[in-house]
Amino acid sequence: MNTSDERSLQDLGLLFLRLSGALFLLWVHGLPKLLHYSVELTRIEDPFHLGAAPTLVLAIFAEVLCPLLIMAGVLVRLACLPILFLLAVALLVVHPQWSLEEGQFGWLLLIVFTSVLIAGPGRLAMNTRFVGVLRHV
């Protein structure tokens, strides 16, 4: 296998990682919060005492808008940051009593989005059409 084929497979792998991780987060957490906003307002934890509505809006931002950006390949590394912050808060502040088994979904998402943050989106992303610093974010 030549270098070009290897690079193409790496880009395909990064595309799969971005799409599957973002779609999973969006489908399992983001869309339910968006579609059942009023119910979620009564259930959401508020660890920083911002109020239920601002906390829920921030969670929806991280779980809906950011995954959409990641799937599209736009500002991918930047879009990973709110997701990683949300996951860290959920696992370490809101649910510190969870065992590894209870928090495994959160830890796996943390691994997926940290990998995307480190590796970047690959060449199969809209970022590649940007110039300057936005191309690498």
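What counts, and where the lines are drawn
Residues numbered from 1 in each chain as written. Predicted model: local features only at pLDDT ≥ 70, side-chain atom pairs only at ≥ 80, totals over all residues. Heavy atoms only, no water. UniProt positions renumbered as here; feature names shortened; annotations may be inferred. Helix = DSSP H or I, 4+ residues; strand = E, 2+ residues; numbered from the N terminus. Phe/Tyr/Trp six-rings, centres within 6.5 Å; stacked < 30°, edge-to-face > 60°. Buried < 20%, exposed > 50% of the residue type's maximum accessible area, 1.4 Å probe, protein only. Axes fitted to C-alpha atoms, helices over the stretch in contact; angles between N-to-C directions. Parallel < 35°, antiparallel > 145°, perpendicular 65-115°, else oblique. Left-handed = near helix turned anticlockwise from the far one by under 90°. Contact = heavy atoms within 4.5 Å. Nonpolar A, V, L, I, M, F, W, Y, C, P; charged D, E, K, R; others polar.

K.L.:
Looking at this structure, how should I read the UniProt feature "transmembrane region" (unreviewed entry) in the protein?
P.N.:
The UniProt entry lists residues 12-30, 50-71, 78-98 and 104-126 under the feature "transmembrane region" (unreviewed entry), expressed in the numbering used here. From the first C-alpha to the last, residues 78-98 spans 28 Å; its make-up is 81% helix and 0% strand. Here residues 104-126 is 70% helix and 0% strand, with 31 Å between the C-alpha atoms at its ends.

K.L.:
Would you mind showing me how to read the packing of aromatic side chains here?
P.N.:
For any pair of aromatic rings, the description consists of the separation of the ring centres together with the inter-plane angle of the planes. All told, the structure shown has two aromatic pairs when counted by the stated rule. Between F24 and F105, the ring centres sit 5.1 Å apart and the planes meet at 55°, which makes this aromatic pair tilted. In this pair, F24 is assigned in helix α1 (residues 3-35) and F105 in helix α5 (residues 104-119), connecting sequence segments 81 residues apart. In this structure F24 comes out as partly exposed when scored by relative accessible area, which is 44%. Given a relative accessible area of 27%, F105 falls into the partly exposed group. A centroid spacing of 6.3 Å and a plane angle of 20° characterise the contact between F48 and F85, whose relative ring orientation is stacked. In this pair, F48 is assigned in the loop between α2 (37-43) and α3 (52-72) and F85 in helix α4 (residues 76-94), connecting sequence segments 37 residues apart. Note on F48: relative accessible area 45%, which makes it partly exposed.

K.L.:
Before we go on, may I ask you to explain the packing of α3 against α4 in this structure?
P.N.:
When two helices pack together, you describe them by how their axes are tilted relative to each other and by the distance separating the axes. Two numbers describe how α3 lies on α4: the axes approach to 9 Å, and their chain directions differ by 150°. On the basis of the axis angle, α3 is roughly antiparallel to α4. The crossing of α3 and α4 is left-handed. Residues A59, F61, A62, E63, C66, P67, L69 and I70 of α3 pack against V76, A79, C80, P82, I83 and L86 of α4. Of the residues contributing to the contact of α3 with α4, the split by class is 13 nonpolar, no polar and one charged.

K.L.:
Would you mind showing me how to read the environment of L109 here?
P.N.:
With respect to the helices, strands and loops of the structure, L109 is situated in helix α5. Under the relative-accessibility criterion, L109 is labelled buried at 4%. It is 9.1 Å that separates the C-alpha atoms of L109 and A22, two residues lying 87 residues apart in sequence.

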